[in-house]
Amino acid sequence: QVQLVESGGGLVQPGGSLRLSCAASGFTFSSSVMYWYRQTPGKERELVAYITSGGGTYFLDSVKGRFTISRDNAKSTLYLQMISLEPEATAVYSCNARDRWGQTAEWGQGTQVTVSS
């Protein structure tokens with residue numbers, strides 16, 4: 001079965017950095033588009049970034065220049081490097097995937113990122 005397990009979240013001060021990881025299994029990771037989303041209570045989940053199988057990337061305007069998405073196909077792992085974090089980045093961050101056939105994964109638990117002084 002498809003499984004996505006996020007990790008790396010935590011409490012960080014404004015201006016700090018975190019690196020999130022998403023360990024994937026149960027599908028062909030290398031040919032899938034991988035996504036990072038985030039969600040806060042009472043708000044809809046929003047797309048933060050994605051990376052294609054060829055390495056092309058997209059970022060939400062508010063995180064451009066501060067977030068970097070990357071992938072390690074040998075480890076079937078997706079990463080989100082976040083620097084210069086602001087309180088507005090506080091959310092549960094979740095990963096997802098879209099394979100070459102258009103199938104997506106079920107949402108996992110995500111990992112909590114809290115930016116607070």
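One can find the structure itself at the top, above this paragraph.
Note that the structure is predicted; figures quoted are calculated from it, not measured.

Rules and cut-offs
Residues numbered from 1 in each chain as written. Predicted model: local features only at pLDDT ≥ 70, side-chain atom pairs only at ≥ 80, totals over all residues. Heavy atoms only, no water. Salt bridge = Lys/Arg side-chain N within 4 Å of Asp/Glu carboxyl O. Buried < 20%, exposed > 50% of the residue type's maximum accessible area, 1.4 Å probe, protein only. Helix = DSSP H or I, 4+ residues; strand = E, 2+ residues; numbered from the N terminus. Phe/Tyr/Trp six-rings, centres within 6.5 Å; stacked < 30°, edge-to-face > 60°. Lys NZ or Arg CZ within 6 Å of the ring centre and 35° of its normal. Core = buried A, V, L, I, M, F, W, Y, C linked by side-chain atoms within 4.5 Å. Disulfide = S-S within 2.5 Å.

### Digging into the pattern of salt bridges
Counted by the stated rule, this structure contains three salt bridges. Ionic pairing is found between K64 and D61, a salt bridge with its closest N-O pair at 2.9 Å. A residue is classified by how much of its surface remains accessible, and D61, at 60% relative accessible area, is exposed. A salt bridge links E86 to R66; the shortest N-O distance between them is 3.2 Å. Residue E86 is found in the loop between β8 (77-82) and β9 (91-98), and its partner R66 is found in the loop between β6 (57-59) and β7 (67-72); the two are separated by 20 residues along the sequence.

### Observations concerning the packing of aromatic side chains
For the structure shown, the criterion picks out five aromatic pairs. Here Y35 and Y37 contribute two aromatic rings whose centre-to-centre distance is 6.2 Å and whose plane-to-plane angle is 40 degrees, an arrangement assigned as tilted. Arranged with centres 5.3 Å apart and planes meeting at 20 degrees, the rings of Y50 and Y58 form a pair that is stacked. Positioned over the ring face of W107 is R45, at 3.9 Å from the centre of the ring.

### What about the nonpolar core?
W36, F67, L78, L80, M82 and Y93 are the most contacted members of the largest nonpolar core, which totals 29 residues. Secondary structure elements with two or more residues in this core: β3 (18-25), β4 (33-39), β5 (46-51), β7, β8, β9 and β10 (111-115).

### Things to note about the state of the cysteines
In this structure the tally under the stated criterion is one disulfide. Each sulfur in the disulfide pair C22 and C95 lies 2.0 Å from the other. Because the torsion about its S-S bond is 65 degrees, the bridge between C22 and C95 counts as right-handed. Linking C22 in strand β3 with C95 in strand β9, this pair joins segments that are 73 residues apart in sequence. Here C95 falls in the buried class, since its relative accessible area comes to 1%.

### Points about unusual backbone geometry
Not every positive phi belongs to a glycine, and S76 is a case in point at roughly 50 degrees. Here S76 shows up in the loop between β7 and β8.

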